[in-house]
Amino acid sequence: MEQIFNDGWIMTDYALILCITCALLFVVYSLSGSANPPVGLGMFTIYFMAALLGWIALSVQGAAATGNVGIDLNAVVAIINSYLLFLACGQRAGIYSGRYLLGGICLVSGLSAFFVPGQSMFFVHTAASGVFFVGAAVLTGWRAWRYRNMGDGIIALACLVSLFGLAYASLEASSGADSAAVRQLMFGIQSISFALVAIGFLASTLFEYQQDLGHLNTEDPLTRLLNRRGLGEALHVSLAAASRHGHTTAAILVDIDHFRQVNDSFGQELGDRIIQMVANILSRLCRSSDVVARTGGEEFMLILPNTTLEAAKALGERIRATIGDYPLLVEQQNIPVTASVGVACSQGQSDVDELYSEANRALFLAKRGGRNRVASVENNPVQLSTARNPS
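Residues numbered from 1 in each chain as written. Predicted model: local features only at pLDDT ≥ 70, side-chain atom pairs only at ≥ 80, totals over all residues. Heavy atoms only, no water.

1. Examining the overall build of the chain
Turning to step 1, where the next piece is worked out: Looking only at helices and strands, the chain has 13 helices and eight strands in total.
Turning to step 2, where the next piece is worked out: When the 391 residues of the chain are sorted by exposure, 45% land in the buried category.
Turning to step 3, where the next piece is worked out: In the chain, 73% of the contacts between residues at least 6 apart in sequence involve partners at least 24 apart.
Turning to step 4, where the next piece is worked out: Split by element, the accessible area of the chain, about 20,500 Å² in all, is 60% carbon and sulfur. (Helix = DSSP H or I, 4+ residues; strand = E, 2+ residues; numbered from the N terminus. Buried < 20%, exposed > 50% of the residue type's maximum accessible area, 1.4 Å probe, protein only. Contact = heavy atoms within 4.5 Å. Areas by Shrake-Rupley, 256 points an atom, 1.4 Å probe, with all protein chains shown as cover.)

2. Brief notes about the packing of aromatic side chains
Turning to step 1, where the next piece is worked out: Enumeration over the complete set of coordinates arrives at six aromatic pairs.
Turning to step 2, where the next piece is worked out: A network of ring pairs unites the aromatic residues Y83, F86 and F132 as a single cluster.
Turning to step 3, where the next piece is worked out: Sitting over the face of the ring of Y147, R146 holds its NZ or CZ atom 5.1 Å from the ring centroid. (Phe/Tyr/Trp six-rings, centres within 6.5 Å; stacked < 30°, edge-to-face > 60°. Lys NZ or Arg CZ within 6 Å of the ring centre and 35° of its normal.)

3. A short note on the nonpolar core
Turning to step 1, where the next piece is worked out: Counting 44 residues, the largest nonpolar core has F44, L85 and F132 as the members making the most contacts within it.
Turning to step 2, where the next piece is worked out: Among the secondary structure elements, those contributing two or more residues to this core are α2 (41-63), α3 (73-93), α4 (99-111), α5 (118-147), α6 (150-174) and α7 (179-218).
Turning to step 3, where the next piece is worked out: Examining the composition of this core, we find that eleven residues originate from one element, α3, more than from any other.
Turning to step 4, where the next piece is worked out: The contacts of F132, once residues within four sequence positions are left out, are I79, S82, Y83, F86, L102, I105 and C106.
Turning to step 5, where the next piece is worked out: In this structure, V254, I275, I281 and V330 belong to the second largest nonpolar core, which totals 33 residues. (Core = buried A, V, L, I, M, F, W, Y, C linked by side-chain atoms within 4.5 Å.)

4. Digging into empty space enclosed by the protein
Turning to step 1, where the next piece is worked out: Following the criterion strictly, the structure yields one cavity of 30 Å³ or more and no others.
Turning to step 2, where the next piece is worked out: The volume enclosed by the largest cavity comes to roughly 250 Å³.
Turning to step 3, where the next piece is worked out: Looking at the largest cavity, it is lined by 20 residues, and the ones nearest its centre are Y47, A78, N81, F133 and Q190.
Turning to step 4, where the next piece is worked out: Those elements giving two or more residues to the lining of the largest cavity turn out to be α2, α3, α5, α6 and α7. (1 Å grid on protein atoms, 1.4 Å probe; cavity = no way out; pocket = protein on both sides within 12 Å on 5 of 7 lines; lining within 4 Å. Points joined across faces, edges and corners; volume = space filled by probe spheres on them.)

5. Details of the packing of α3 against α4
Turning to step 1, where the next piece is worked out: Running from amino to carboxyl end, α3 crosses α4 at an angle of 170°, the nearest separation of the two axes being 9 Å. By the angle between their axes, α3 is roughly antiparallel relative to α4. Here V76, I79, I80, Y83, F86 and L87 of α3 lie close against α4, whose contacting residues are R99, L102, G103, C106, S109 and G110.
Turning to step 2, where the next piece is worked out: Split into classes, the residues belonging to the contact of α3 with α4 amount to eight nonpolar, three polar and one charged. (Axes fitted to C-alpha atoms, helices over the stretch in contact; angles between N-to-C directions. Parallel < 35°, antiparallel > 145°, perpendicular 65-115°, else oblique. Nonpolar A, V, L, I, M, F, W, Y, C, P; charged D, E, K, R; others polar.)

6. A look at the side chain of D257
Turning to step 1, where the next piece is worked out: Note that D257 resides in the loop between β1 (248-256) and α10 (259-266).
Turning to step 2, where the next piece is worked out: For D257, which is buried and forms no salt bridge, the nearest opposite charge comes from R371, at a distance of 4.1 Å.
Turning to step 3, where the next piece is worked out: Of note is the side chain of D257, whose polar atom sits 3.1 Å from the backbone nitrogen of N372.
Turning to step 4, where the next piece is worked out: Not counting residues within four places of it along the chain, the set of residues in contact with D257 comprises T338, A339, S340, R371 and N372. (Lys, Arg positive; Asp, Glu negative; His and termini not counted. Salt bridge = Lys/Arg side-chain N within 4 Å of Asp/Glu carboxyl O. Polar contact = N/O pair within 3.5 Å; in protein donor to acceptor, adjacent residues only side chain to side chain.)

7. Describing the environment of I105
Turning to step 1, where the next piece is worked out: With respect to the helices and strands, the residue I105 is situated in helix α4.
Turning to step 2, where the next piece is worked out: With residues near it in sequence (within four places) discarded, I105 still touches A128 and F132.

8. Considering the pattern of salt bridges
Turning to step 1, where the next piece is worked out: On inspection of all chains with the given rule, the structure shows eight salt bridges.
Turning to step 2, where the next piece is worked out: In this structure, the salt-bridge partner of R143 is D152, at a minimum N-O distance of 2.7 Å.
Turning to step 3, where the next piece is worked out: Owing to a relative accessible area of 1%, D152 belongs among the buried residues under this scheme.
Turning to step 4, where the next piece is worked out: Across the salt bridge formed by R320 and E317, the nearest N and O atoms sit 2.5 Å from each other. Taken together, the residues R320 and E317, both in helix α12 (residues 309-324) and three residues apart, mark about one turn of the helix.

So, in structure tokens, the structure goes:
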């Protein structure tokens, strides 16, 4: 009766592991087709598939009279899976040091199953897997702390559970405990660890996708610059500082000339290349304190804290000249790219909408003057003050 109960419990556990793995592989397959798949998806896919094959192999070994099997298949599968988990955690953390050294340990310990007796092989298995779990716990723990991702913390917890479980199983085995009981203990440890890794991976992926959705609200997907909403959020602190200290804040509005005609004549792909090229030029020419955003289809806005009108005009001229120096080659034909630039400046209390309005007035002057030029609103600058009007 006890044997029937144990066999039934193990088969139930196999069924649960099979369902979890199949669900994970379905999620991984869905994520692999996304525009921005999670970091480390490839190695975690291999780990989950290897784990599934490992559970199947263990069930086959259990049904085929373990005593007639020449090697300890459970130990070999556990060593390989723990090393694959280390590789997956390293890929996810972007840290690849030590993988060749630990790969050699995995190879040697796996081959040991062919010539090391069963009891000694158990200690080889626990030692090698313990090294891999320590490495995986360090990598995922670092990533959880670095990115504040609780899912990676759960994976680190799974590695620690496996590590302490292996240590406890080794103590039990060295004290002469029943080998069947030790194997059941190891089976339970592997099941719990795998379930925690699965939960952690899904939680980590969900957390990152939530972050990506948040970035979509403030970031332009084509250029990776801020959009209009992100511009307002990024300028909250700097504009408040300008208001308190009476600093000047300049705004530059850049509009690509005849962009719609080029887009209609040569296609959207070329239009996207032009937009990305201009975005790269703006990011390269600006200071780290400046804020660059894409505010329209072919329109970009730059906010320059603590910058005078003359300095902003000089930067606007450099931007205009640099954009003109990079024509695009399409079917052995140079497509000139030029831009009109409007510049405005405020002192003291500043507002993004007010700056945009004044820079847009200047941009209108540049376009009316023939395009491919810089214009500014010099006679009527925005000058707002926090001081109250005398009554």
